[in-house]
Amino acid sequence: MGSLRLMRYATLAVTAAIWFLAKFVRYAFPPLFEAFQASYGLSVATVGLVYTGLMTVYALLQFPSGMLSDRFGSVQVITAGSIVAALGSLTLVFDAPAPLFVVAAVLVGAGTGAHKTVSIRVLSRVYPSRTGRVLGIFDTIGSYGGVGASAVVTLFLVVPPIARPLISRLPGEPWRGVFLLAGLFGILLAAAFAWLVPSQLAATDDPNATQDDDGRDPTVFDYLRQFSDLRFSAFILVTIFFSFAYNGAVAFLPLYLSETADFTTTTANLLYSVLFALSIVQIVTGDISDRTGRLPILVVTLVVAAAALVALVVFASAGPLVLGSAVVALAVGSHGFRPVRGVYLVEILPEWIAAGGLGVVRTLLMGAGAVSPAIIGYVADVFNFRIAFVVLAASMAGAAALAAGLLLSERDTSTSVRGM
């Protein structure tokens, strides 16, 4: 009985492990910028440009990966993406000319970009009654990929005596062992996913969901047509406003605390780490949303996040205790929002275009998140950081107001239907 229960969660385990590895390998790049410069003879600007290319390819793959999943199947897309990312990692294991470094970065971006959008759809199909909790676990595990990357990179850069005999056997510089591990685990996880997941997907009511009722494959127009639904478009605005506010806050919170609140760098960085450490709240909000519905939790988490940003502005001189509480609230609201957002989007999209539709949305929200630091940095330069965080608070409050409107209109519709 226990083994059957464990097998039931095999899809979650292997999908979350691939997501952890995807974040791990992406976030392993920045700590190694100096090593890349030395090994490939590149400038800081060039290394930064290569990493920007990696992240751009990652963002651009959200919609194509979803569309390919709707047409050919999620298992094929995720397995292929994992193998491509693993090949990119293994390309960095051996000394090679600088152009191969660029190729490796592009492969990592493309391979990891094929995972998140499609995996949300996979998990929602395999665990239909526990999707919120499952996505909370999935996102929480992924969130710690960056923490794992920092720790492993440090291990290979500052090799402890006990590990020197093993690491000395690696080809080239010790840091290349980071990508050797990532590549090998990537191939193993791709094989595990291809072996374990199809049988669990086959047990769902609709294992393929690649065609509509007329047997027609989805087109780009089918995905874009969803925006004619006012409630769908309104929720897309919710996700865009949230992404803009969250990414701007993440980019400048330490600097804001240092310059506006006069915190020491150590205190500011400590509070900044709290923002990520509390990502475990995603499991809680996802689980609650399975019981109470998605929109109520979305509204509550957005209100909490908006109130936290307002508090950071209003009480900027109140000291570490008050501002620390605001950072905790921002973490709880922001992290709590994300898994429920994914479930809600999957539920409001038609089954046959769910993955590609989610890919369109993720492309938009990632675009909003990408431009946020540039805009907020400009506002801070022209005015000050306090005004810049007012903009972030307004964006988060706008997301909360729109979500509340969706919740109220949903309840009004339900009440009128019952009255009839």
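Structure report, in brief. Quick caveat: nothing in here was measured; it's all calculated off a predicted structure. (Residues numbered from 1 in each chain as written. Predicted model: local features only at pLDDT ≥ 70, side-chain atom pairs only at ≥ 80, totals over all residues. Heavy atoms only, no water.)

**Digging into the overall build of the chain**
A tally of helices and strands in the chain yields 20 helices and zero strands. By the burial criterion, 50% of the 420 residues in the chain qualify as buried. Look at the contacts in the chain between residues 6 or more apart in sequence, and 82% of them connect residues 24 or more apart. Total accessible area on the chain stands at roughly 18,400 Å², and carbon and sulfur atoms take up 70% of it. (Helix = DSSP H or I, 4+ residues; strand = E, 2+ residues; numbered from the N terminus. Buried < 20%, exposed > 50% of the residue type's maximum accessible area, 1.4 Å probe, protein only. Contact = heavy atoms within 4.5 Å. Areas by Shrake-Rupley, 256 points an atom, 1.4 Å probe, with all protein chains shown as cover.)

**A closer look at the packing of aromatic side chains**
Under the defined criterion, the tally for this structure stands at 19 aromatic pairs. Centroid distance Phe20 to Phe24: 6.5 Å. Interplanar angle 20°. Geometry classified as stacked. Placement of both Phe20 and Phe24 in helix H2 (residues 10–27) is noted, with a separation of four residues, approximately one turn of the helix. Of the residues examined, Phe20 reaches a relative accessible area of 28% and is grouped as partly exposed. Note on Phe36 and Phe179: the rings are 6.3 Å apart at their centroids and 35° apart in plane angle, and the pair reads as tilted. A residue pair is termed long-range when its members are at least 10 positions apart, and Phe36 in helix H3 (residues 33–40) and Phe179 in helix H12 (residues 176–202) qualify at 143 residues. An aromatic cluster of three or more residues is present, and its members are Phe29, Phe33, Phe36, Tyr40, Tyr51, Phe101, Trp175 and Phe179. Across the ring face of Tyr27, the terminal group of Arg26 is positioned such that the distance to the ring centre comes to 5.7 Å. Against the face of Tyr58 rests Arg26, its NZ or CZ located 4.0 Å from the ring centre. (Phe/Tyr/Trp six-rings, centres within 6.5 Å; stacked < 30°, edge-to-face > 60°. Lys NZ or Arg CZ within 6 Å of the ring centre and 35° of its normal.)

**A closer look at helix H10 (residues 145–157)**
If you check H10, its first and last C-alpha atoms are 18 Å apart, about what 13 residues at 1.5 Å a residue would give, namely 18 Å. Residues of H10 that are buried include every one of Gly145, Gly148, Ala149, Val153 and Phe156, and no others. The arc that holds every buried residue of H10, seen down its axis, measures 125°, which confines them to one face. (Expected span 1.5 Å × (residues − 1). Arc of directions from axis to C-beta.)

**Overview of a nonpolar patch on the surface**
On the surface, Val310, Val314, Phe315, Leu321 and Val322 cluster together into a nonpolar patch covering about 460 Å² of accessible area. Put simply, the parts of the chain that give the nonpolar patch at least two residues each are helix H17 (294–314) and helix H18 (320–348). Checked against the element boundaries, Phe315 lands in the loop between H17 and H18. A relative accessible area of 43% means that Phe315 is categorised as partly exposed. (Patch = residues over 30% accessible without salt bridge, like charges linked within 9 Å, V, L, I, M, F, W, Y side chains within 5 Å. Salt bridge = Lys/Arg side-chain N within 4 Å of Asp/Glu carboxyl O.)

**Section: the nonpolar core**
Counting 113 residues, the largest nonpolar core has Phe29, Phe36, Phe179, Leu302, Leu309, Leu312 and Phe389 as the members making the most contacts within it. Look past the residues within four positions of Leu312 in its chain and what remains in contact with it is Leu253, Tyr256, Leu323, Ala326, Val327, Leu330 and Phe389. By size, the runner-up hydrophobic cluster in this structure holds six residues, among which are Phe63, Tyr223, Ile353 and Val360. (Core = buried A, V, L, I, M, F, W, Y, C linked by side-chain atoms within 4.5 Å.)

**Here's the deal with the environment of Ser74**
With respect to the helices, strands and loops of the structure, Ser74 is situated in helix H6 (residues 74–91). When its relative accessible area of 5% is taken as the criterion, Ser74 is described as buried. Separated by 45 residues in the primary sequence, Ser74 and Ser119 place their C-alpha atoms 7.6 Å from one another. Not counting residues within four places of it along the chain, the set of residues in contact with Ser74 comprises Ser69, Val118, Val122, Arg125, Phe193 and Leu201.

**Focus: the packing of helix H9 (residues 131–143) against helix H16 (residues 281–292)**
Direction vectors running N to C along H9 and H16 enclose 170°, while the axes themselves pass 6 Å from each other. Viewed along their axes, H9 and H16 adopt a mutual orientation that is roughly antiparallel. Seen along the crossing, H9 lies across H16 with a hand that is right-handed. Between H9, through Thr131, Gly132, Arg133, Gly136, Ile137, Asp139, Thr140 and Ser143, and H16, the contact on the second element is made entirely by Gln282, Ile283, Gly286, Asp287, Ser289, Asp290 and Arg291. A class-by-class count of the residues in the contact of H9 with H16 yields two nonpolar, eight polar and five charged. (Axes fitted to C-alpha atoms, helices over the stretch in contact; angles between N-to-C directions. Parallel < 35°, antiparallel > 145°, perpendicular 65-115°, else oblique. Left-handed = near helix turned anticlockwise from the far one by under 90°. Nonpolar A, V, L, I, M, F, W, Y, C, P; charged D, E, K, R; others polar.)

Nothing here speaks to function; it is all geometry.
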